[in-house]
Amino acid sequence: MHYRYVLFDWDTHFAAYMLSLDARQLGYSVLIQVIKAKAARGFVPNGYAPTRKSTHSQPPVGSK
């Protein structure tokens, strides 16, 4: 089974925050997926797809 999606770190954190205002569990679920994309060097990449990860990061919006 092939999943076709892309998570963008900065954008997805803001989307998770907005979701959490009405659907807390869904907001948490989105954040968990972003954190699962963590790179081997310990940062969350600014773009993630099941077959590819970015080698760059963005400001730590999710940690706030």
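What you see is a predicted model; the values in this text were computed from it and never measured.

### Description of helix α2 (residues 24–36)
Here comes step 1: Over its 13 residues, α2 runs 19 Å from end to end, which matches the ideal 18 Å to within 8%, given 1.5 Å per residue.
Here comes step 2: When α2 is considered as a whole, its buried residues turn out to be Gly27, Val30 and Val34. For α2, the buried positions fall inside an angular range of 60° around the axis, keeping them on one side. Of the exposed residues in α2, the ones pointing more than 90 degrees away from its buried face are Arg24, Gln25, Ile35 and Lys36.

### Overview of helix α1 (residues 9–22)
Here comes step 1: Counted at 1.5 Å a residue, the expected span for α1 with its 14 residues is 20 Å, and the 21 Å between its end C-alpha atoms agrees.
Here comes step 2: Those residues of α1 that sit buried are Asp9, Thr12, His13 and Ala16. The buried residues of α1 occupy one face: seen down the axis, they fall within an arc of 105°. When the buried face of α1 is taken as reference, the exposed residues oriented beyond 90 degrees from it are Tyr17, Met18, Leu21 and Asp22.
Here comes step 3: The elements touched by buried residues of α1 are α2.

### What to know about the side chain of threonine 12
Here comes step 1: Within the secondary structure layout, threonine 12 lies in helix α1.
Here comes step 2: With residues near it in sequence (within four places) discarded, threonine 12 still touches Leu7, Val30 and Val34.

### Focus: the layout of surface pockets
Here comes step 1: If you add up the space inside the largest pocket, you get close to 190 Å³.
Here comes step 2: Around the largest pocket, the lining is made up of twelve residues, and of these His13, Ala16, Tyr17, Leu31 and Gly62 lie nearest the centre.
Here comes step 3: Here the lining of the largest pocket gets five residues from one element, more than from any other, and that element is α1.
Here comes step 4: Classifying every residue of the lining of the largest pocket by side-chain character gives six nonpolar, four polar and two charged.
Here comes step 5: Reported here for the second largest pocket is a volume of approximately 150 Å³.
Here comes step 6: Forming the walls of the second largest pocket are Asp9, His13, Leu31, Ile35, Val44, Ser57, Gln58, Pro59, Pro60, Val61, Gly62 and Ser63.

### Describing the environment of valine 6
Here comes step 1: Structurally, the position occupied by valine 6 is in the segment before α1.
Here comes step 2: Its relative accessible area of 45% is what places valine 6 among the partly exposed residues.
Here comes step 3: Considering only alpha carbons, one finds valine 6 and serine 57, 51 residues apart in sequence, at a separation of 15 Å.
Here comes step 4: Ignoring anything within four residues of it in the chain, the contact list for valine 6 reads Tyr48 and Ala49.

About the cut-offs
Residues numbered from 1 in each chain as written. Predicted model: local features only at pLDDT ≥ 70, side-chain atom pairs only at ≥ 80, totals over all residues. Heavy atoms only, no water. Helix = DSSP H or I, 4+ residues; strand = E, 2+ residues; numbered from the N terminus. Expected span 1.5 Å × (residues − 1). Buried < 20%, exposed > 50% of the residue type's maximum accessible area, 1.4 Å probe, protein only. Arc of directions from axis to C-beta. Contact = heavy atoms within 4.5 Å. 1 Å grid on protein atoms, 1.4 Å probe; cavity = no way out; pocket = protein on both sides within 12 Å on 5 of 7 lines; lining within 4 Å. Points joined across faces, edges and corners; volume = space filled by probe spheres on them. Nonpolar A, V, L, I, M, F, W, Y, C, P; charged D, E, K, R; others polar.

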